[in-house]
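Residue-level structure breakdown
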Amino acid sequence: MSQETPVEQLTEAEAREELARLADLLAVANRAYHAEDAPQISDAEYDALKRRNAGIEARFPSLKRSDSPSDMVGAPVAEGFGKITHAVRMLSLDNLFEGEEVTEFDARIRRYLGLGADDPLTYTAEPKIDGLSLSLRYENGELVHAATRGDGAVGENVTENARTIDDIPVTLDGAPEVLEVRGEVYMSHADFEALNTRQAERGGKTFANPRNAAAGSLRQLDPSITRDRPLRFFAYAWGALSEPLSETQMGAIKRLDSLGFQTNPLTVTCDGPAELLAHYHAIEEQRATLGYDIDGVVYKVDDLGLQRRLGFRSTTPRWATAHKFPAELAWTWLEAIDIQVGRTGALSPVARLQPVTVGGVVVSNATLHNEDYIDGRDSKGEVIRDGKDIRVGDWVQVYRAGDVIPKIADVDLSKRPEAAQPFAFPTTCPECGSEAIREEGDAVRRCSGGLICPAQAIEKLKHFVSRGAFDIEGLGAKQVEQFYRDGWIKEPADIFTLRDHYGSGLQQLKNREGWGEKSASNLFDAIDERRRIPLAKLIFALGIRHVGESASGLLARHYGSWAAFEAAMGAAEPLEGEAWDDLLSIDGVGEVMARSVVTAFAQEAERASIDRLAAMLDVEEAARPEADSPVAGKTVVFTGTLEKMTRSEAKARAESLGAKVSGSVSAKTDLLVAGPGAGSKAKKAAELGIETIDEDAWLALIGDA
Ligand code: IVH
């Protein structure tokens, strides 16, 4: 079929094919334009494709795709993931924990189906993989999209990322015309350890456990990052199908296997609860040596006809359940409590334990969070562990619940040594001796030493060179720490004088471990490359408490230049007046964050260090919001249900056009965008005579229609 076939003459089958082709073409064009800044077709060609797509959808509304290009607002790849509505909802599983409950599960199903206790009933049993679920849609054997579970009804479009995963076939031979394969994306223990080591060396983010690593890796906006992360996939279920895969669950799994998917080798059929339980124990025994995380065993009725009859409750199938493993627990001695000092000066207590195996992993440290936690209270002041405090010398119960970082669940007071004393949380910093202060409302005690505290200085430097901040190739956490201990780098500015001070002495680097002339010279070049830096990255790199990546972006866009930002922070110092009000007027900047930035700039030593750094840099101005847009300078409020974009998407788009988005209607409001279900805000706007438009009119106004 050629593009010339007029829309009116397309048959339904041709239309379906053409919509798929247009979705692909437009997705490629969008990516090229928005994400790669390299348009491949002219605007006119792009518009013609979009019009044709809309024309076909108007003629065949039922064929409109869940990833229809008409639903795409702006630049999905650059702004976040697009949304995909699942053709069949992605559900979760009911849990059971005790052996007897397996018999009850079986009895419930028999009752529902009207089967006697002796009638045969077969189940499957398989490991419950601890990853994140993914739905893969194949049409005519081609992978057309991949979506995360999201809220079960609508997930995120992660197609490009899924394509980079080796276990996910991009084409299938002999598959049903429509096939949605569902399964779990996960990361093996070995790959997880290697990834974290690599990340730590580069000064990048490390992950708490393989599941978080898998989720973080799949949900990367840049598929080339996902490609570098060793993700895997087990298929265990399906969504929409144009024809059945088999008559049984086991048959369907075998079919998926023969289509080229990885299916779990520990999947078996069982006749009745006793066999299910036996397989549960068999899997539990192998758990520590599987090489990937599982958190239970899933039982499913094997006969798909019976599955259909059993159907679903609101969010879970009646024909399946998860038999969860108990939390992994072990008892051991608490030998010491050490205090670590972080970048923002937080004093974090760490339990040093007599090494003990918890679920196949040797544990010798556990987090103790903060002083209240040690005392027996959580962050809200509520009693935990029946109020028992934790003391050095205690016999403590350690658990790992999904997280790799173990925690202390309980203390056995009967074994507490008589001499054990309540833990005296330090009130001075163990690293620099400065006073450690706990502010009201903060569960954490912090060192007040700022940059004179070596622990804070090192953590700040590590943050400074991390991804998202300066991200200097060859200068990761390990290297800055080494340079700090050598006295070569005390603060960020020193990074940029490294060549001058030690440069003729490439020699000096040459002889040390891991460094040669080439790598030293590469490092100096990499540092020079970063002298020119976007304003937002510089603000983020300063490592000011409460100022993360997105807040840095807000500040950068608001102030535009380093000079303006720095001047404004100085002017806002009394925490009142025009500059202070202006800072607080930024949507997304609250008082806590504002106070934190202004205070950082007001501290003499910190300010001097920032100034020394800024003098080394050429700071790129942040793109100011488009000043000539029809909504620039206007205060806009969104209310009701938005159907073509999420609320946060709408807000980001409006802000990028120079509008200020507010959460409530007042006399200052210029425009109310009201979707269905708009209530009191619409009423108030009407009373105040504020212009009110619907979502389509908004899109037309800003040229996104
Ligand atoms: S079957 C209709 N099988 O566990 C139910 N789920 O807690 C389809 N999971 O959302 C799910 N391993 O992400 C199934 N072997 C397995 C699984 C499994 C892990 C996940 C899945 C599900 C969650 C429910």
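Quick note: structure is the one above.
None of the values given here were measured: they were computed from a predicted structure.

Attention now goes to the sheet that holds strand β23 (residues 671–674). One open sheet accounts for four strands, arranged β22-β21-β23-β24; its pairing is parallel. The open sheet terminates on both sides in strands that have one partner only, identified here as β22 (660–662) and β24 (691–693). Across the sheet, the mean angle separating the axes of adjacent strands is 30 degrees when strand polarity is ignored. Of the strand pairs in this sheet, strand β21 (residues 635–639) and β22 are connected by three bridges, and their pairing is parallel. Bridged to Thr 635 within β22 is Lys 660.

Looking now at helix α6 (residues 189–202). Its 14 residues give α6 an end-to-end C-alpha distance of 20 Å, which sits within 8% of 20 Å, the value for a rise of 1.5 Å per residue. Burial in α6 covers these residues: Asp 191, Phe 192, Leu 195, Asn 196 and Gln 199. One side of α6 holds all its buried residues, which, seen down the axis, span an arc of 130 degrees. Packed against the buried residues of α6 are α7 (210–218) and β8 (232–241). Two residues or fewer past α6, Gly 203 is found with a positive phi of approximately 75 degrees.

Turning our attention to helix α9 (residues 249–258). An α-helix turns once every 3.6 residues. As a result, residues three or four positions apart point the same way. Listing the buried residues of α9 in full gives Gln 249, Met 250, Ala 252, Ile 253 and Leu 256. One face of α9 carries all of its buried residues, which in axial projection span an arc of 160 degrees. Every exposed residue of α9 that faces more than 90 degrees away from the buried side is listed here: Lys 254 and Ser 258. Looking at the buried side of α9, the elements it contacts are β3 (122–129), β7 (178–186), β8, β9 (268–271), β10 (294–301) and α11 (304–310). Positive phi shows up at Gly 260, right after α9, with a value of about 110 degrees.

To continue, consider the sheet that holds β8. The strand order across the open sheet formed by four strands is β5-β4-β7-β8, and the pairing between neighbours is antiparallel. Whereas interior strands pair on both sides, the edge strands pair on one side only; in this sheet they are β5 (142–148) and β8. The mean angle between the axes of side-by-side strands here comes to 25 degrees, regardless of whether they run parallel or antiparallel. Bridging between strand β4 (residues 132–139) and β5 involves six bridges; their strand directions are antiparallel. Residue pairing in the sheet places Glu 139 in a bridge with Glu 142 of β5. Its contacts with the sheet place α9 against β7 and β8, and it is angled at close to 115 degrees to β8.

Attention now moves to the site of the ligand. In the region of the ligand, 14 residues are neighbours, and Glu 126, Ile 129, Arg 149, Glu 184 and Tyr 236 sit closest. One of the side-chain nitrogen or oxygen atoms of Lys 128 is found 3.2 Å away from an oxygen atom of the ligand. Separating a nitrogen atom of the ligand from a side-chain N or O atom of Lys 300 is a distance of 3.1 Å. Taken together, the elements giving at least two residues each to the shell around the ligand come down to β3 and β10.

Okay, the nonpolar core next. Core analysis: the biggest nonpolar cluster contains 60 residues, and Ile 495, Trp 562 and Leu 583 have the highest contact counts within it. Setting aside anything within four residues of it in sequence, one finds Leu 583 in contact with Leu 555, Tyr 559, Met 569, Val 589, Ala 594 and Val 598. Counting residues in each nonpolar core, the second largest holds 33 residues, with Leu 136, Leu 179, Phe 192 and Leu 245 among its members.

Before going further, it helps to spend a moment on the packing of aromatic side chains. On inspection of all chains with the given rule, the structure shows 19 aromatic pairs. Geometrically, the ring pair formed by Trp 562 and Phe 565 is tilted, given 5.8 Å between the ring centres and 55 degrees between the ring planes. Remark: Phe 565 and Trp 562 occur in helix α21 (residues 562–571); sequence separation between them is three residues, near one turn of the helix. Given a relative accessible area of 11%, Trp 562 falls into the buried group. Residue placement shows Arg 385 over the ring face of Tyr 373; its charged tip is 4.9 Å from the ring centre. The ring of Tyr 484 has Lys 490 sitting right over it, with the charged end atom 4.2 Å from the ring centre.

Right, let's get into the pairing of strand β15 (residues 395–400). The buried fraction of β15 is high, at five of six residues. Note that strand β12 (residues 328–341) and β15 share six bridges and pair antiparallel. Considered in β15, the bridge of Ala 330 is made with Val 398.

Scanning the model with the defined rule gives zero disulfides in all. For the unlinked cysteine Cys 453, the closest cysteine sulfur is that of Cys 429, found at 3.8 Å. Looking at Cys 453, the relative accessible area reads 0%, which means it is buried.

Right, let's talk about the side chain of Ser 434 for a bit. Inspection of the secondary structure assignment puts Ser 434 in the loop between β16 (407–411) and β17 (436–438). For Ser 434, the residues in contact, after removing those within four places along its chain, are Thr 427, Thr 428, Cys 429, Cys 447, Ser 448, Gly 449 and Ile 452.

Attention now moves to the packing of α6 against helix α14 (residues 477–486). Contact pair α6 / α14: the axes reach a minimum separation of 4 Å and the direction vectors enclose 40 degrees. Compared by their axis directions, α6 and α14 come out oblique. Of the residues in α14, those touching α6 at Ala 200, Glu 201 and Arg 202 are Ala 477, Lys 478 and Gln 479. The residue inventory of the contact of α6 with α14, partitioned by class, reads two nonpolar, one polar and three charged.

So, how was this worked out
- Residues numbered from 1 in each chain as written.
- Predicted model: local features only at pLDDT ≥ 70, side-chain atom pairs only at ≥ 80, totals over all residues.
- Heavy atoms only, no water.
- Pairing = 2+ DSSP bridges.
- Helix = DSSP H or I, 4+ residues; strand = E, 2+ residues; numbered from the N terminus.
- Axes fitted to C-alpha atoms, helices over the stretch in contact; angles between N-to-C directions.
- Expected span 1.5 Å × (residues − 1).
- Buried < 20%, exposed > 50% of the residue type's maximum accessible area, 1.4 Å probe, protein only.
- Arc of directions from axis to C-beta.
- Contact = heavy atoms within 4.5 Å.
- Near = heavy atom within 4 Å.
- Polar contact = N/O pair within 3.5 Å; in protein donor to acceptor, adjacent residues only side chain to side chain.
- Core = buried A, V, L, I, M, F, W, Y, C linked by side-chain atoms within 4.5 Å.
- Phe/Tyr/Trp six-rings, centres within 6.5 Å; stacked < 30°, edge-to-face > 60°.
- Lys NZ or Arg CZ within 6 Å of the ring centre and 35° of its normal.
- Disulfide = S-S within 2.5 Å.
- Parallel < 35°, antiparallel > 145°, perpendicular 65-115°, else oblique.
- Nonpolar A, V, L, I, M, F, W, Y, C, P; charged D, E, K, R; others polar.

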